[in-house]
Every structure is written in C-alpha cells, then in structure tokens.
Amino acid sequence: MLKSIAKSYVWNKDKCFFISTINRESSADIESPPRIYAETLVWEYEWDTKVRGNIVAQTESFKDSIKGHIMMSERLREFGKFDE
C-alpha cells in the first residue's frame, strides 16, 4: 500500500531537488501485522528535462507525518545538501 502525502521541489541556487513523502507498509517483519510509516525520499532533479537523478537523502517518520518532508525541504533550500 502506497499513499502519496506530499511532493515538492526545492531550489538551492541553480540546483533543484524533488522531495516525495508517501505512506508505505514496512516489510521488516512478515509475521506481524503491517506497520505503516511515512517515507521521504529526495532526488536531484533536472528541471528543464523533468528527469530525476540520484537519490540524495531518505528519512522516515510516523504514518501521515510531513515532518521529515519539511525538515529536508528547509535544509536543502538553505544548504543544498542533507546531513543528519
């Protein structure tokens, strides 16, 4: 089960990033009931060609949370990279 929560583009100078947060099921323990969590991924993004590049960051939080999305957006906009 995948459910989109947030998608955004963030710029640092001339570099663009695509940030996506989804709810997804954890595959960590097949025996237990599925645990749903929010996963945020960040890609380098070529705005002119609309092509995603390498994944540059990933984080997770509780179901339906956009906390990681906002945190990554702020750091990427300010610093152009994400360091935990």
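Before reading further, recall that the structure is shown in the block above.
Keep in mind it's a predicted model, so treat the numbers as computed, not measured.

A. Summary view of the packing of aromatic side chains. Evaluated as defined, the whole model comprises seven aromatic pairs. On the numbers, 6.0 Å between centres and 40° between planes, the contact of phenylalanine 18 with tyrosine 45 is tilted. With phenylalanine 18 in strand β2 (residues 15–25) and tyrosine 45 in strand β3 (residues 36–46), this pair connects stretches of sequence that are 27 residues apart. An identical accessibility class is assigned to phenylalanine 18 and tyrosine 45; each is buried.

B. Structural detail: the environment of glycine 53. Position of glycine 53 among the secondary structure elements: in strand β4 (residues 51–62). If near-sequence neighbours (up to four positions away) are discounted, glycine 53 is found in contact with Trp43 and Glu44.

C. Seen up close, the pattern of salt bridges. If you walk through the whole model with that rule in mind, you get four salt bridges. The partner of aspartate 64 in a salt bridge is lysine 3, with the nearest N and O atoms 3.8 Å apart. In this pair, aspartate 64 is assigned in the loop between β4 and α1 (67–79) and lysine 3 in strand β1 (residues 2–12), connecting sequence segments 61 residues apart. Here lysine 3 falls in the partly exposed class, since its relative accessible area comes to 43%. Notably, a salt bridge pairs lysine 15 with glutamate 44, separated by 3.7 Å at the nearest N-O pair. Of the two residues, lysine 15 sits in strand β2 while glutamate 44 sits in strand β3, which places them 29 residues apart along the sequence. Of the residues examined, glutamate 44 reaches a relative accessible area of 27% and is grouped as partly exposed.

About the thresholds
Residues numbered from 1 in each chain as written. Predicted model: local features only at pLDDT ≥ 70, side-chain atom pairs only at ≥ 80, totals over all residues. Heavy atoms only, no water. Phe/Tyr/Trp six-rings, centres within 6.5 Å; stacked < 30°, edge-to-face > 60°. Helix = DSSP H or I, 4+ residues; strand = E, 2+ residues; numbered from the N terminus. Buried < 20%, exposed > 50% of the residue type's maximum accessible area, 1.4 Å probe, protein only. Contact = heavy atoms within 4.5 Å. Salt bridge = Lys/Arg side-chain N within 4 Å of Asp/Glu carboxyl O.

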